[in-house]
Amino acid sequence: MFKSLFTCLILYQVSLSFYGQNPTESFPKDFVGIYKGSLSINNSGKPTMTIPMEFHLLATDSADRFDYRLIYDGQPRNYTLLINDLETGDLSVDENNGIVLPSKLIENVLHSLFEVQENLLSSRIAFYEDHVQFEILCSNLSSKNRTGENTEYEIYGYPITTIQKAILNKQP
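Thresholds applied
- Residues numbered from 1 in each chain as written.
- Predicted model: local features only at pLDDT ≥ 70, side-chain atom pairs only at ≥ 80, totals over all residues.
- Heavy atoms only, no water.
- Helix = DSSP H or I, 4+ residues; strand = E, 2+ residues; numbered from the N terminus.
- Contact = heavy atoms within 4.5 Å.
- Areas by Shrake-Rupley, 256 points an atom, 1.4 Å probe, with all protein chains shown as cover.
- Core = buried A, V, L, I, M, F, W, Y, C linked by side-chain atoms within 4.5 Å.
- Buried < 20%, exposed > 50% of the residue type's maximum accessible area, 1.4 Å probe, protein only.
- Pairing = 2+ DSSP bridges.
- Polar contact = N/O pair within 3.5 Å; in protein donor to acceptor, adjacent residues only side chain to side chain.
- pLDDT = per-residue confidence, 0-100.
- Axes fitted to C-alpha atoms, helices over the stretch in contact; angles between N-to-C directions.
- Phe/Tyr/Trp six-rings, centres within 6.5 Å; stacked < 30°, edge-to-face > 60°.

Undergrad: Quick question: what am I supposed to make of the overall build of the chain here?
TA: Along its length, the chain carries one helix and twelve strands. Helices and strands in the chain line up, N terminus first, as α-β-β-β-β-β-β-β-β-β-β-β-β. Pairs at least 24 apart in sequence give 36% of the contacts found in the chain among residues at least 6 apart. Counting every atom, the chain has about 11000 Å² of accessible surface; 54% of that belongs to carbon and sulfur.

Undergrad: Whenever I open this one, the nonpolar core confuses me. Can you help?
TA: Inside soluble globular proteins, nonpolar side chains tend to come together where they are buried. Among the nonpolar cores identified, the biggest contains 29 residues, and F55, Y68, L81, F127 and F134 are the most heavily contacted of them. Those elements giving two or more residues to this core turn out to be β1 (33-43), β2 (49-59), β3 (65-72), β4 (75-85), β5 (90-94), β8 (119-127), β9 (131-140) and β12 (162-170). Not counting residues within four places of it along the chain, the set of residues in contact with F55 comprises G33, I34, Y35, Y68, R69, L70, I125, F127, V132 and L168.

Undergrad: Help me understand the pairing of β12 in this model?
TA: In regular strands, side chains alternate between the two faces of the sheet. Where β1 meets β12, nine bridges bridge the pair, whose relative direction is antiparallel. Bridge pairing links L39 to A166 in β12.

Undergrad: What is the right way to look at the side chain of S92 in this model?
TA: Following the sequence through the fold, S92 ends up in strand β5. Classification of S92 as buried rests on a relative accessible area of 10%. Only 2.8 Å separates the side chain of S92 from the side chain of N84, close enough to count as a polar contact. If near-sequence neighbours (up to four positions away) are discounted, S92 is found in contact with T80, L81, L82, N84, V100, L101, P102 and S103.

Undergrad: I'm lost on the confidence of the model for the chain in this one. Help?
TA: Reading predicted coordinates in detail is not appropriate for stretches of low pLDDT. Of the residues in the chain, 86% reach a pLDDT of 70 or more, and the chain-wide mean stands at 88. Within the model, pLDDT remains below 50 along residues 1-23, and this stretch shows eleven contacts once partners closer than five positions in the same chain are excluded.

Undergrad: Is there a simple way to think about the sheet that holds β1 in this case?
TA: Each strand in a sheet pairs with another by means of backbone hydrogen bonds, the pair being arranged parallel or else antiparallel. Sheet architecture is closed into a barrel: ten strands sit in the order β1-β2-β3-β4-β5-β6-β7-β8-β9-β12, paired in antiparallel fashion. When the angles between neighbouring strand axes are averaged without regard to direction, this sheet yields 25°. Two elements, β9 and β12, share eight bridges in a ladder whose sense is antiparallel. Among the inter-strand pairings, C138 is bridged to a residue of β12, identified as T162.

Undergrad: Any chance you could explain the packing of aromatic side chains here in plain terms?
TA: Note on aromatic pairs: each is described by the distance of the centres and the angle between the planes. Counted according to the given criterion, the structure contains seven aromatic pairs. Between F31 and F127 the ring centres are 5.6 Å apart and the planes differ by 50°, which places this aromatic pair in the tilted class. With F31 in the loop between α1 (2-19) and β1 and F127 in strand β8, this residue pair connects regions lying 96 residues apart in the sequence. A residue is classified by how much of its surface remains accessible, and F31, at 0% relative accessible area, is buried.

Undergrad: What is the right way to look at the side chain of S112 in this model?
TA: Within the element layout of this structure, S112 appears in strand β7 (residues 109-116). Apart from residues no more than four positions distant in its own chain, S112 is found in contact with L101, P102, S103, L121, S122 and S123.

Written out as structure tokens, the structure reads:
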């Protein structure tokens, strides 16, 4: 039993150093700031495009609301990050237009999965001490394909058509 626990602790520490996250950092307060970099957009069959990108996570007067701004090529999208239950990682991104997307925070990584205009999008923002890693994957729902014909379950694959990735550095 002791060996298993010790092994788990060692693996946990190794994984933290591998991923560069500090377990003493507290989301969201330790990650408030302005992050800048370049967004790489890879659309199937098209040349990769790169545009400037910023991400702003800023405190407000409320402990459970943060300004959450994405700026693509100088064009801002002003959202609000809502902390519903930090212990369970239950957060939401309010687009301030009637759209509120559920999000899940696990180990300083904010995940969201949603459908818009027949597209399934997966969003991921990983928070580190001095940067964030941003990623969106997109798949057209009409392109899904069934697999596992001889199984008792219906299983569908969703070919990814677009990948957006950025490493955004925290500004001093």
